[in-house]
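Report on the structure
Residues per chain are reported as follows:
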Amino acid sequence: MLIVAVFTTFSALSNAFDFKSCSDEYSVKMFKDFKKYAQKGHPSAMETLGNFYIVGYGTEKSESKALKMYKKQLSGTKEVRNMKLV
């Protein structure tokens, strides 16, 4: 439950935050943190990571990597929607 609350918060922050190209220590740390959770399959982290790639926040700009993250996020969302509740 804590992870859900944390990602709900991150998702809200990612929508409210105006991302700009940045490579300072904080932005690099945020990029690494979101990448770690995206690799674990968290859809909101994948979306945020895609946003980071688009603008170069904490990483180099890469539209192809951003597109890959957005596609992974959408496929994960479909899987979640298709799950049956027990």
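Rules and cut-offs
Residues numbered from 1 in each chain as written. Predicted model: local features only at pLDDT ≥ 70, side-chain atom pairs only at ≥ 80, totals over all residues. Heavy atoms only, no water. Patch = residues over 30% accessible without salt bridge, like charges linked within 9 Å, V, L, I, M, F, W, Y side chains within 5 Å. Areas by Shrake-Rupley, 256 points an atom, 1.4 Å probe, with all protein chains shown as cover. Salt bridge = Lys/Arg side-chain N within 4 Å of Asp/Glu carboxyl O. Lys, Arg positive; Asp, Glu negative; His and termini not counted. Charge placed at Lys NZ, Arg CZ, Asp CG, Glu CD. Helix = DSSP H or I, 4+ residues; strand = E, 2+ residues; numbered from the N terminus. Expected span 1.5 Å × (residues − 1). Buried < 20%, exposed > 50% of the residue type's maximum accessible area, 1.4 Å probe, protein only. Arc of directions from axis to C-beta. Core = buried A, V, L, I, M, F, W, Y, C linked by side-chain atoms within 4.5 Å.

Quick look at a positive patch on the surface now. Where like charges cluster on the molecular surface, the positive patch consists of Lys-35, Lys-65, Lys-68 and Lys-72. A total of 3 residues in the positive patch trace back to one element, the largest contributor, which is helix α4 (residues 63–81). By secondary structure assignment, the location of Lys-72 is in helix α4.

Let us look at helix α2 (residues 25–39). Given a rise of 1.5 Å per residue, 15 residues ought to cover 21 Å, and the 21 Å separating the end C-alpha atoms of α2 matches this to within 8%. For α2, the full list of buried residues reads Ser-27, Met-30, Phe-31, Phe-34 and Ala-38. Along α2, the residues classed as buried sweep out an arc of 100° about the axis, all on the same side. In α2, the exposed positions angled more than 90 degrees off the buried face are occupied by Glu-25, Lys-32 and Gln-39. Gly-41 lies just past α2 and shows a positive phi near 100°.

Further remarks concern the nonpolar core. In this structure, Phe-34, Ala-38, Leu-49, Phe-52, Tyr-53 and Met-69 are the most contacted members of the largest nonpolar core, which totals 13 residues. Broken down by secondary-structure element, the contributors of at least two residues to this core are α2, α3 (43–55) and α4. With 6 residues, the top contributor of residues to this core is α3.

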